[in-house]
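Residues per chain are reported as follows:
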Amino acid sequence: SNVSLAVAPSTSETCEDTPGWRDIDGDGCDWYPENDFPGCPIYGTSYTGVMGSAAEECCYCKDPTCFEYDGACQAFSVAWKREETSALCDRAASCSCETDPVNIVTNYVENFNETVGLYNECKCDYWSRLCEDTHVGEACDRAAEYCCGDYVTSSTRSGFLNSPECYCDFYKYAENEFGHKLQSTFIKAFSNPCGQDTWQSSTSNERDSLEAIYNATNGQNWTNNGGWMDGTVDHCQWYGISCDADGFVTGIDLRDNNLAGQFPVYTRNVNSDENHILNNFWELTKNGLANLYELKTLDLAENKLTGTIEYRPLYNLRDLSYLDVSGNQLSGVLDAQVAPSL
């Protein structure tokens, strides 16, 4: 357990080490300044014996700060002892970032597990820097999850991802730079996220997403909703929609058209009489703008859209080069990586 960090000991005028204290290996408080950071973020509770832990009995080891956890994480990341160091970096990231807990939800009816609340911008930044600076595989795994967001897995498929293109980019980076195969850490969801058929769109899926946008933004009261929701009219002929030759949506121009409600990145595409469907049936929410993979231009300015835009799924839109959502009641800060082409 000796790592020789050569860290100068800290002192305190009001604190005294517990006389005669020894850890489970027989070392006293004087061992820790030579082998750990102030606050003992690495070994403070590792060698607890019958006399207690260094974190409790040694002044040098009490109350580690976020800075000290971060220093320990950085120092050990190159060697990367999986259990020990990942715990340190988890503490450093959690200490530095305001965060809600990530939940794992199990749907026993449909037999799948899903993460809820995984995307975290602060932890994304933290683990991404660690991934790039150290080329440590697990750091890149954590970066991908906190940057790219939630996923679901079941017994019949490997996974369905909130932002598949984002996961794929992390996978390619880790594999090409240092031969690491990206892995999910919360629940087993994918082996190669770049090869999943569930990412591929179809014209019927795109129509479903447009219908979800209509339902979520008060489509019946739009200023112009010509063609929308008419089963006899191709979705490419709906007001404000442009498509390529294959029927995939490339442009949406609904500027100043009385759209109201939450910004429709993803939205549940069910009617009010279908509320019997389980609220946590994750895949039912996967309709909306983020599934229109060929989208190049999006103009929803001068409407009545509200809330905070969940930007991360829009990373799927690799060709999106024009976005205007001004003149709405949206809040939050624009993510500079909302789409790679912007």
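Residues numbered from 1 in each chain as written. Predicted model: local features only at pLDDT ≥ 70, side-chain atom pairs only at ≥ 80, totals over all residues. Heavy atoms only, no water.

(A) Structural view of the overall build of the protein chain. Summing up its helical and strand segments, the protein chain has 8 helices and 11 strands in all. For the protein chain, the proportion of its 342 residues judged to be buried stands at 46%. Within the protein chain, contacts between residues at least 6 apart in sequence are counted, and of these 65% link residues at least 24 apart. By element, 45% of the accessible surface of the protein chain is carried by carbon and sulfur atoms, the whole surface being about 16700 Å². (Helix = DSSP H or I, 4+ residues; strand = E, 2+ residues; numbered from the N terminus. Buried < 20%, exposed > 50% of the residue type's maximum accessible area, 1.4 Å probe, protein only. Contact = heavy atoms within 4.5 Å. Areas by Shrake-Rupley, 256 points an atom, 1.4 Å probe, with all protein chains shown as cover.)

(B) How the structure looks around the pattern of salt bridges. Applying the stated criterion to the full structure yields 7 salt bridges. Residue D90 is joined to R142 by a salt bridge in which the shortest nitrogen-to-oxygen separation is 2.5 Å. Of this pair, D90 sits in helix α4 (residues 82-96) while R142 sits in helix α6 (residues 137-148), and the two are 52 residues apart along the sequence. In this structure, the salt-bridge partner of D299 is R255, at a minimum N-O distance of 3.2 Å. Residue D299 is located in strand β8 (residues 297-299), and its partner R255 is located in the loop between β6 (249-253) and β7 (260-262); the two are separated by 44 residues in the primary sequence. A relative accessible area of 10% places D299 in the buried class. Here the residues in one salt-bridge network are D90, E138 and R142, joined through shared partners. (Salt bridge = Lys/Arg side-chain N within 4 Å of Asp/Glu carboxyl O.)

(C) Inspection of the packing of helix α5 (residues 121-134) against α6 at higher detail. One can describe the packing of α5 onto α6 by two numbers: an axis separation of 8 Å at closest approach and a directional angle of 150°. If you check the angle between α5 and α6, you find them roughly antiparallel. Here α5 and α6 pass one another in a crossing that is left-handed. On α6, the residues touching K123, C124, W127, S128, L130 and C131 of α5 are A139, C140, R142, A143, Y146 and C147. (Axes fitted to C-alpha atoms, helices over the stretch in contact; angles between N-to-C directions. Parallel < 35°, antiparallel > 145°, perpendicular 65-115°, else oblique. Left-handed = near helix turned anticlockwise from the far one by under 90°.)

(D) Quick peek at helix α7 (residues 164-178). With 15 residues, α7 ought to run about 21 Å at 1.5 Å a step, and its terminal C-alpha atoms sit 21 Å apart, in line with that. Turning to α7, its buried residues number three or more, namely P164, C166, Y167, C168, F170, Y171 and A174. The positive-phi residue at the C-terminal boundary of α7 is G179, with phi of around 70°. (Expected span 1.5 Å × (residues − 1).)

(E) Quick peek at the state of the cysteines. Per the stated rule, a full pass over the model turns up 9 disulfides. Paired by a disulfide, C131 and C140 hold their sulfur atoms 2.0 Å apart. Between C131 and C140, the S-S dihedral sits near 85°, and the bridge is therefore right-handed. Accessibility expressed as a relative area gives 2% for C131, which makes it buried. Paired through a disulfide, C148 and C166 show a sulfur-sulfur distance of 2.0 Å. On the S-S bond that ties C148 to C166, the torsion sits near -70°, and the link is left-handed. With C148 in helix α6 and C166 in helix α7, this residue pair connects regions lying 18 residues apart in the sequence. Of the residues examined, C148 reaches a relative accessible area of 0% and is grouped as buried. We classify C166 as buried; its relative accessible area is 3%. (Disulfide = S-S within 2.5 Å.)

(F) Representation of the sheet that holds β7. Pairing within the open sheet is parallel, and its 3 strands lie in the order β7-β9-β11. Two strands lie at the open edges of the sheet, namely β7 and β11 (329-331), each paired on one side alone. Direction aside, the axes of adjacent strands within the sheet are offset by 15° on average. The sheet contact formed by β7 and strand β9 (residues 304-308) spans 3 bridges and is parallel. (Pairing = 2+ DSSP bridges.)

(G) How the structure looks around a negative patch on the surface. On the surface, E16, D17, D30 and E34 cluster together into a negatively charged patch. Relative to the helices and strands, D30 resides in the segment before α1 (32-35). (Patch = residues over 30% accessible without salt bridge, like charges linked within 9 Å, V, L, I, M, F, W, Y side chains within 5 Å. Lys, Arg positive; Asp, Glu negative; His and termini not counted. Charge placed at Lys NZ, Arg CZ, Asp CG, Glu CD.)

(H) How the structure looks around unusual backbone geometry. Not every positive phi belongs to a glycine, and N218 is a case in point at roughly 60°. Residue position: N218 is located in the loop between α8 (203-216) and β5 (241-243). For N218, a relative accessible area of 34% corresponds to the partly exposed category. Look at N258: it is not a glycine, yet its phi comes out positive at around 65°.

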